[in-house]
Amino acid sequence: MKIKFLLVLSSLVFFLNSCSKEDSTVADNLENPVANAPKDVNDHGFRAKWNYVSNSKSYLLDVSTTENFTAFVPNYNSKEVTDLNEVVVGLTGGTQYYYRVRAKSETQTSGYSNVISVVTTGSSGIPEDPAFLKVKVNKVANPFFVGMAIKASQLTSGSPYDIILKNEFSSISAEYEMKMDQISTASGVYNWAVADKIVAYGNSNGINVHGHALVWHNSVPKWLTDFSGTDAEFAAEVKKYITDVVTHYAGKVKSWDVVNEAVDDNGGNMRNTIFLRRMGPNYVKDCFQWAKNAANAAGDTNLLLFYNDYATSTNIPKQDKVFSLIDDLKTSKLIDGVGFQMHNTYLSPTKTQIETDINRAVSKGLKIHVSELDIQVNQFNDITTFTNERRLAQKEKYKEMVKIYNALPAANKYALTIWGMKDNESWIPYSTELNHPGNDWPLLYDSNFAIKSSHTGFLEGLD
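First things first, this report covers the structure right here in the doc. (Residues numbered from 1 in each chain as written. Predicted model: local features only at pLDDT ≥ 70, side-chain atom pairs only at ≥ 80, totals over all residues. Heavy atoms only, no water.)

As for the pattern of salt bridges
As a reminder, the rule being used: Whenever Lys or Arg places a side-chain nitrogen within 4 Å of a carboxyl oxygen from Asp or Glu, that contact is recorded as a salt bridge. Strands here are runs of E lasting at least two residues and helices are runs of H or I lasting at least four, both read from the DSSP assignment and numbered beginning at the N terminus. We call a residue buried when its accessible area falls under 20% of the maximum for its residue type, exposed when it is over 50%, and partly exposed in between, using a 1.4 Å probe and counting protein chains only.
Counted according to the given criterion, the structure contains 25 salt bridges. Of the charged contacts in the structure, one is a salt bridge between Asp423 and Lys452, with a shortest N-O distance of 2.9 Å. With a gap of 29 residues between them, Asp423 in the loop between β18 (413–418) and α13 (453–460) and Lys452 in the loop between β18 and α13 connect regions that are remote in the sequence. The same class applies to Asp423 as to Lys452, namely buried. Among the charged side chains, a network of salt bridges with common partners joins Asp265, Arg271, Asp309 and Lys318.

A closer look at the packing of aromatic side chains
Filter applied, for reference: Two aromatic rings, drawn from Phe, Tyr or Trp (for Trp, its six-membered ring), form a pair once their centres lie within 6.5 Å of each other, and the interplanar angle then sorts them: stacked below 30 degrees, edge-to-face above 60, tilted otherwise.
What the rule picks out here adds up to 15 aromatic pairs. Taken together, a centroid distance of 5.4 Å and an interplanar angle of 25° make the contact between Phe46 and Tyr99 stacked. Taken together, the positions of Phe46 in strand β2 (residues 46–50) and Tyr99 in strand β6 (residues 96–104) put the pair 53 residues apart, joining distant regions of the chain. Taking the relative accessible area as the measure of exposure, Tyr99 reaches 0% and is therefore buried.

Digging into helix α10 (residues 316–331)
Rule in force here: Residue count minus one, scaled by 1.5 Å, sets the expected span of a helix. The arc in question is the one spanned by the directions pointing from the helix axis to the C-beta atoms. Contacts between residues were defined by any pair of non-hydrogen atoms, one from each residue, lying within 4.5 Å. Pairs of N or O atoms within 3.5 Å make up the polar contacts considered here, provided that, within protein, one atom can donate a hydrogen while the other can accept it, and that residues adjacent in sequence are counted only when both atoms are side-chain atoms.
Here α10 spans 22 Å end to end across 16 residues, near enough to the 22 Å set by a 1.5 Å rise per residue. Of the residues making up α10, those classed as buried are Lys318, Gln319, Val322, Phe323, Leu325, Ile326 and Leu329. Down the axis of α10, the buried side of the element spans an arc of 155°, and every buried residue falls inside it. At its buried positions, α10 is contacted by α9 (283–297), β14 (304–309), β15 (337–340) and α11 (351–362). Residue Asn315 occupies the N-cap position of α10, its side-chain oxygen lying 3.1 Å from the main-chain nitrogen of Lys318. In the stretch just after α10, Lys333 is the one whose phi turns positive, near 60°.

Comments concerning the packing of helix α7 (residues 231–248) against α9
Under the convention used in this document: The axes used here are C-alpha line fits, helices contributing only the stretch in contact, and every angle between their N-to-C directions lies in the interval 0 to 180 degrees. What sets the label is the angle itself: under 35 degrees gives roughly parallel, over 145 gives roughly antiparallel, 65 to 115 gives roughly perpendicular, and the rest give oblique. Should the near helix be turned anticlockwise from the far one by less than a right angle, the crossing is termed left-handed; should it be turned clockwise, right-handed. Following the grouping adopted for this structure description, the nonpolar residues are Ala, Val, Leu, Ile, Met, Phe, Trp, Tyr, Cys and Pro, the charged ones are Asp, Glu, Lys and Arg, and the polar ones are all others, Gly among them.
Two elements in contact, α7 and α9, have axes separated by 8 Å at closest approach and are oriented at 40°. On the basis of their axis angle, the class for α7 and α9 is oblique. Both α7 and α9 take part in a crossing whose hand is right-handed. Facing α7, whose interface residues are Ala235, Val238, Lys239, Ile242, Thr243, Val246 and Thr247, α9 presents Cys287, Trp290, Ala291, Ala294 and Ala295. Looking at the contact of α7 with α9 residue by residue, the class counts come to 9 nonpolar, 2 polar and 1 charged.

Observations concerning the pairing of strand β12 (residues 208–216)
This is how it is decided: We treat two strands as partners when DSSP finds at least two bridges between them.
Within β12, 9 of the 9 residues are buried, which leaves it mostly tucked inside the rest of the structure. Relative to β12, strand β9 (residues 171–174) is paired through 3 bridges, and the arrangement is parallel. Bridge pairing links Ser173 to His210 in β12.

Examining the pairing of β14
Of all 6 residues in β14, 6 are buried; the element is thus mostly enclosed. A two-sided burial pattern is seen for β14, the buried positions comprising Leu304, Phe306 and Asn308 on one face and Leu305, Tyr307 and Asp309 on the other. Examined bridge by bridge, strand β13 (residues 255–260) and β14 share 5 bridges and lie parallel to one another. Its bridge partner being in β14, Val259 is matched across the sheet by Tyr307. Relative to β15, β14 runs parallel, the two sharing 4 bridges.

Overview of the sheet that holds strand β1 (residues 35–39)
In space, the 3 strands of this open sheet follow the order β1-β2-β5, with antiparallel pairing throughout. Single-partner strands in this sheet number two, and they are β1 and β5 (85–88). The average undirected angle you get between the axes of adjacent strands in this sheet is 20°. Pairing of β2 with β5, which is carried by 4 bridges, proceeds in the antiparallel orientation. Of the residues in β5, the one forming a bridge with Lys49 is Asn85.

Details of the sheet that holds β6
The pairing of strands in a sheet comes from backbone hydrogen bonds and takes either a parallel or an antiparallel form. Reading across the sheet, the 4 strands line up as β4-β3-β6-β7 and stay open at both edges, with antiparallel pairing between neighbours. Lying at the two open borders of the sheet, with one neighbouring strand each, are β4 (79–81) and β7 (116–119). Between one strand axis and the next, the sheet turns by 35° as a mean value, whatever way the strands run. Strand direction decides the pairing type here: strand β3 (residues 58–64) and β6, joined by 7 bridges, are antiparallel. Following the sheet pairing, Ser64 is matched in β6 by Tyr98.

Regarding the environment of Pro221
Tracing the backbone shows Pro221 in the loop between β12 and α6 (222–225). Note: C-alpha distance between Pro221 and Ala186 (35 residues apart in sequence) is 8.2 Å. Ignoring sequence-local partners within four residues, the contact set of Pro221 consists of Met180, Asp181 and Ser184.

A few points about the side chain of Lys179
Test applied: Working convention for charge: Lys and Arg count positive, Asp and Glu count negative, and His plus the chain ends are omitted.
Assignment of secondary structure puts Lys179 in the loop between β9 and α4 (180–183). No salt bridge is formed by the buried Lys179; its nearest oppositely charged neighbour, Glu372, is found at 6.4 Å. In this structure Lys179 touches His212, Ala213, Trp216, Ser219 and Tyr241, once residues within four positions along its chain are discounted.

Looking at the side chain of Asn344
Here Asn344 shows up in strand β16 (residues 343–345). Ignoring sequence-local partners within four residues, the contact set of Asn344 consists of Pro349, Ile354, Leu373, Asp374, Ile375, Gln376 and Met401.

Dropping the structure here:
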């Protein structure tokens with residue numbers, strides 16, 4: 001009995017030792033932390049923040065004046081911190097800084113987190129760069145179009161809109177007035193007046209015109225929504241519309257978003273639109289084929305055809321589905337480029353997410369159009385005024401986006417288009433889709449047409 005007891009005891013000790021070793025192994029396997037956007041940014045410091053890492057005992061914080069961390073701020077080279085945030089002090093106002101962290105246990109240190117960019121505020125303010133966007137873009141190694149979404153009512157000669165457009169921008173997209181329900185009033189009947197005004201303005205002022213958009217589920221005219229003919233007859237109506245519009249603007253509109261937002265936000269499926277229901281799963285390809293045929297018949301063989309969509313950088317199932325459509329169109333030689341809308345926020349997507357998304361199209365030899373860029377700063381509706389902290393964060397996000405775009409190969413560049421001119425006229429504060437009605441300041445100009453820090457950020461992205 002005694003021997004049996006000793007055997008059991010020995011087994012138990014062995015088991016506990018094994019568990020202890022396994023636990024020790026697990027404890028040593030530290031994940032890399034995730035650094036978060038800074039808080040409480042002021043003239044002389046900020047609060048750095050990061051997420052908890054299991055089994056960590058402390059964190060090592062680096063703060064640098066260089067993105068590659070070749071120069072550290074004094075006292076912030078692997079500074080040990082036991083909390084999930086640290087108030088960084090002793091900095092210079094109006095200066096760019098970067099921070100990153102590592103998790104640390106008793107026996108191991110993790111890899112580095114992502115790098116967070118922050119600009120301290122400056123009491124006297126930092127003067128904005130007044131340079132014109134298109135002038136500076138034309139000086140980079142591989143220039144591209146700088147675009148603006150516009151309304152026909154803004155194109156009065158001598159108006160502030162007109163002056164800014166001519167000085168700053170080399171491309172325009174109609175914000176809404178070249179969509180199907182604005183042009184098509186009945187089968188084969190068209191109201192060209194407003195769209196013609198937009199196209200004529202671009203053509204007469206040497207500004208590229210991008211057509212937006214031939215097919216979109218939110219711009220179907222009532223007569224087509226109520227169409228009682230067969231599905232084949234419905235498809236024939238869509239074909240006729242695409243053919244007539246492309247033909248009407250042959251040689252005047254240099255590119256078209258043929259289909260806009262055909263992929264659902266959930267599960268990587270096709271969006272359940274009237275076009276999918278009545279024309280079938282190949283309707284996107286059919287629309288591109290009809291646009292291609294119309295351009296060729298009109299002698300407009302240089303017309304560029306784009307597919308346009310949003311939120312593909314963060315929604316990977318959607319991204320995958322979009323690129324499955326693109327692959328099919330590319331195989332059939334029907335597509336020239338991809339429009340990435342980029343209705344972003346000052347926190348998201350990350351630089352890596354954007355680059356990964358865009359580079360999928362680059363690898364396929366397609367042109368890239370950042371087609372609807374704006375950057376929200378109040379997506380949680382947590383501020384009532386445009387704070388200095390958000391202003392600088394927005395500036396850095398615009399700079400990041402332009403820097404990513406400008407680094408693309410020359411053959412893949414097309415245009416980078418800002419979705420609206422003034423903050424008070426942006427679609428964002430009034431959108432029910434975004435679920436944050438209220439104030440936001442997402443663009444390059446304020447309500448008085450004055451350039452913002454975001455405009456300077458755009459310019460700095462070209463350096």
